[in-house]
Each structure stands twice: as C-alpha cells, then as structure tokens.
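The residues making up each chain are set out below.
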Amino acid sequence: MDDAGTADNRAHEPAGQGLDLAPFQGVRYVPERVGSLSAVTSPPYDVVVRPDGLLHLESADPYNIVRLILPQATSPTARTELAADTLGRWLSEGILAPDAEPGLYVYEQSQGDMLQRGVIGALRLSEAEEGVVLPHEDVMPPVVADRAALMRATAANLEPLLLTYRSENEAAGTAKPTAAAVIERTVLRTPLLATTTEDGFHHRLWAVTDPAEVTEIRTDLARHQALIADGHHRWATYLRLRTEHRSPSPWDYGLVLLVDTARYPLRVRAIHRLLHRLPVPKALMALDGLFRVRTVEGPLTRALERLGEAAAEGNAFVLAGDGGFHLVDRPAPDLLAGTVPQDRPRAWRTLDATVLHSTLLDHVWHIPDTPDQIAYIHDTAATVAKAERDGGTAVLLHPVREEVVRDLARQGVTMPRKSTSFGPKPATGLVLRSLAG
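Cut-offs and rules
Residues numbered from 1 in each chain as written. Predicted model: local features only at pLDDT ≥ 70, side-chain atom pairs only at ≥ 80, totals over all residues. Heavy atoms only, no water. Buried < 20%, exposed > 50% of the residue type's maximum accessible area, 1.4 Å probe, protein only. Helix = DSSP H or I, 4+ residues; strand = E, 2+ residues; numbered from the N terminus. Pairing = 2+ DSSP bridges. Contact = heavy atoms within 4.5 Å. Polar contact = N/O pair within 3.5 Å; in protein donor to acceptor, adjacent residues only side chain to side chain. Phe/Tyr/Trp six-rings, centres within 6.5 Å; stacked < 30°, edge-to-face > 60°. Salt bridge = Lys/Arg side-chain N within 4 Å of Asp/Glu carboxyl O.

Draft legend 1. Representation of the pairing of strand β12 (residues 253-260). Most of β12 sits inside the fold, with eight of its eight residues counted as buried. Side chains of β12 alternate between two faces, with Tyr253, Leu255, Leu257 and Val259 and Gly254, Val256, Leu258 and Asp260 buried alike. In this sheet, β12 lies alongside strand β8 (residues 161-165) in parallel orientation, the contact comprising five bridges. The partner of threonine 164 across the bridge, within β12, is valine 259.

Draft legend 2. Region of interest: the side chain of histidine 357. Tracing the backbone through its elements, the reader meets histidine 357 in helix α14 (residues 352-364). In contact with histidine 357, not counting residues within four places along its chain, are Arg273, Asp362, Asp369, Tyr376 and Pro416.

Draft legend 3. Fine view of the environment of threonine 195. Tracing the backbone shows threonine 195 in strand β9 (residues 193-196). Taking the C-alpha atoms as reference, threonine 195 lies 36 Å from alanine 320; in sequence the two are 125 residues apart. For threonine 195, the contacting residues outside a window of four places in its chain are Leu37, Ser38, Phe201, His202, His203 and Leu430. Polar side-chain contacts of threonine 195 include one of 3.2 Å to the backbone nitrogen of serine 38.

Draft legend 4. Just the packing of aromatic side chains, in detail. A complete count under the given rule lists four aromatic pairs for this structure. Measuring from ring centre to ring centre gives 6.2 Å for tryptophan 235 and tyrosine 238, while their planes differ by 65°; the resulting arrangement is edge-to-face. Residue tryptophan 235 and its partner tyrosine 238 are located together in helix α9 (residues 232-242), separated by three residues, close to a single helical turn. For tryptophan 235, a relative accessible area of 4% corresponds to the buried category.

Draft legend 5. Up close: the pattern of salt bridges. A full pass over the atoms with the stated rule returns 27 salt bridges. Here arginine 242 makes a salt bridge to glutamate 127, at a shortest N to O gap of 3.2 Å. With a gap of 115 residues between them, arginine 242 in helix α9 and glutamate 127 in the loop between β5 (114-124) and β6 (133-134) connect regions that are remote in the sequence. Look at glutamate 127 and you get partly exposed, because its relative accessible area is 29%.

As structure tokens, then:
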C-alpha cells in the first residue's frame, strides 16, 4: 500500500539534505460504515486521560481509533495482538480502506480565530546528529518499547507526529515553488473529509496527488529542517523499527504532519505532573525554607495568572489537590546550585521542567520518574480534578516559549521529557499509513 521507500518513488526524490517527505497511500475510515467521523477520532495516545477519557472514546463509537492506539487487554502482548486483530478486521470489513493512489495530504484545523494548515506525508527518518529533524525532549525507553510493540504488531503508523519548520521570507516577486503555495491552492478545492470534533475544532483533509504539486512541496521542504513539536516517543519508535528492516523499505519513513510556524504559529502549553503518592500537605512541608510558598486565590484561571506573573521573574509552580492553590517560587540559589547540573546551557538550567525534575522530584521529594509515581497530563483542570479525587499533588507549570525550545534543539540539548505541549495536535484517525506488503 505504501509508496514511500519503493523504487517507483526514487525518481521523484528532491535534491538537498533537508526534509524528504514522500507521498503514501493513506488508509481512512469509510464514512458510510461509521456513525460519524468525529465519533471515531481521538486525541494522540498520550493526551487521552485514562481511564475517564479512554472509556468516553470507546463508548463514542465501536470503531473509535482509540481501540487501535490504546487497546485494552490483560497483558502487553494481548494488547498488541488485539490491536493487530482489530485493524485487520476493520480493513477486511471495509470500515477502513486505502485511498486509490498515493499522495500527500493537506490538513487544516480551525477554531474561532485559530487556523493551522500543514502537510501530512511519509518523512524519511534521520538521526538527531544529521540535523534534519531536531528532537527537544528526552524519552523514556519503556514508552518507546510499548509503542514499538504496537507498531510492529499492526505494521502501521496509526497517528501522525507533529513537526514544525519555518519558511524563509521570500523576496517580493520571486516565483520559487513552495509548499505554502500548494496548500493555499488546495484548500480552495472540495475536501476529502470535513468534521468537527467535540472540542470544537473543525478538521478538513485534502489529497495532493498531482505529480507536479507533489514535487513542488517536496522540493521546498528539502531546503528545511524540522523540530519535533509532539511525538518524541513515536519518532524514537520509528528509528528503532527502522533497524529491524532491511533498507529500502516503508520502515525507512514515518507518518508526520509538517506545519510552517512562520505562517501558522502553534500554541505552546505546559504539560503538568500528577504525583500519585504525595499529598499536598506533605509536599508543602518539604519545601519549607527551600522555596517561597504562598496560598493564592482561585479559581484555577486566576491561580494560573499568578503563576504566569511569578514565572516572568524565575522558576515557579502551582501545587493543587487539597482544594486550594499554592504558588511555589523563588528557590534558594544554593539549592539550585547543588541540584541542577551545571554542564548545560543557562537556558536549560533555568527551565521550570529542569528545576522540577532535578531539584524537586529528585532531591526534595525523592520521587522516581515512573508511571506508578508520576502521570503527565496536558489538561490543566483534569490534572487538578484527578489530584483532588485521588489525594495526590498536581504540579502546574507555565509554558516555555517556542524560540527557547528551538534554540536548545539546535544546540543538540534536549529538555526533560514532557516539557512542552505544542498544539493544536492533529486528530488521530483521519488518515493512517500501512507498512504491510
């Protein structure tokens, strides 16, 4: 089914050492076979809040994509086998079907005055030291192993990663072909699909199959490098699985969405921590004399405003879970000097995520970064609600600016994992990529 990595594709490979985005034969839901496209989509696997969000998605439609990206069974092996069996059944029953011909896909998301457009394709894989795709966060090997087992069993890329690049300012009057020009022409056509998900986002998808337009996109992208905005574990999974297959093969490529943030800036949000086994009173007691701690007024929006004000002056966090909000800032300088590694750039040493992990989690609270101890949750209100329900501590962070992330990535410096949440993220389930055959 896949065009990337085949001999037929090599004649169209762009020159240059930048991004190599290849067309592929997308696998999509057959609209007539499902209740609605919105009911079968899902956020990315690591954004789904479990178990509440998982159960909600499973009940939305029997064919919701969450049954593939987060299959539920009694063991890891059973889970991956279930996903593979489910994908095979949906293909044989015509719930999912491949498109007639390979192409690149223009994808648009909008909500209110927010508009994001990009191109989905199969990107040739590269190591970080090649400088083509830049990671900015560390990954956890168990998560990579879990995603690899799922991808290996299904022989499919089930959801695209979100990558960003920045186009140059073209001189007036130039006629250089660009991906942006193809995107803007394409969105004037009738889309393959259009749906609105329950979060209020409108989604539209088009196929670009004309060889000239495909070449126009690929030639432009070959001049650029990309930053991984969302999907570090899946990118690491792609790289691991590539080593298991003889090249050339479809496994030399991975499914991505590329967004030009010079034209469509992404929103950068924080990813919060839920400390399962640390009650708020105990967390606060351990901070005595090490940080300034103040109780601030709610509601949550007001507490986050106070967090933003404090973060403008230095490291700051809000702890919640006991019904209140506690602003933690102004760490003791000697505490930071003794706990934060000094062999990294200052921009890394002063990150809130660095101080949280190196100082608070490792040194003050002595909490290992394991799933039974820490959950990473994107939704702020959900983090607080779960902490209050479970008796744990929600640690709320302020977002990092995109330019800080990109500058560190260009230096080859990775941030602590789950330091940022770029968005909006592509909906999972609109287009899949098969690696079988």
